[in-house]
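# A structural walkthrough
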Amino acid sequence: MKFSSDADEVFHYLQALDQKSNIFSLLPMAAYVVRADGVVVWYNARAAELWGRKPAAGDTDERFCGAHTLYRADGSHMAHCDTPVALALSTGAYRA
């Protein structure tokens with residue numbers, strides 16, 4: 001099996017592990033994996049609960065987060081391309 005990126009390899013590993021056990025559904029926090037281009041390729045049930053929806057994994061319209069609308073701590077709207085995940089992927093740095 002040849003993977004096109006490290007995230008694809010992680011996705012396939014998580015998918016195989018998730019099929020063998022329900023360990024990720026038991027996590028008390030939301031978790032998700034994105035490719036280098038920000039496409040959401042995997043998420044657990046807690047993430048879907050937080051987002052209020054179950055986006056299609058691998059959909060190129062789902063980038064950086066599965067939520068339709070995002071807000072900053074001060075209540076202002078946040079574009080998907082401005083999320084901490086997008087920032088980390090584009091710059092290699094994280095800041096809140």
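Above this text you will find the structure in question.
Let us look at the structure shown here.

## Some remarks on the packing of aromatic side chains
- Considering all chains together, one arrives at two aromatic pairs under this definition.
- Centre to centre, the rings of Tyr32 and Trp51 are 5.2 Å apart; their planes meet at 70°, and the pair counts as edge-to-face. With Tyr32 in strand S1 (residues 32–34) and Trp51 in helix H2 (residues 45–51), this pair connects stretches of sequence that are 19 residues apart.
- The rings of Tyr32, Tyr43 and Trp51 are connected pair by pair, giving a single aromatic cluster.

## Side note on the side chain of Asn44
- Tracing the backbone through its elements, the reader meets Asn44 in the loop between strand S2 (40–43) and H2.
- Within polar-contact distance, the side chain of Asn44 engages the backbone oxygen of Met29 at 3.1 Å.

Conventions used here
- Residues numbered from 1 in each chain as written.
- Predicted model: local features only at pLDDT ≥ 70, side-chain atom pairs only at ≥ 80, totals over all residues.
- Heavy atoms only, no water.
- Phe/Tyr/Trp six-rings, centres within 6.5 Å; stacked < 30°, edge-to-face > 60°.
- Helix = DSSP H or I, 4+ residues; strand = E, 2+ residues; numbered from the N terminus.
- Polar contact = N/O pair within 3.5 Å; in protein donor to acceptor, adjacent residues only side chain to side chain.

Everything listed is a geometric property; what it means functionally is a separate question.
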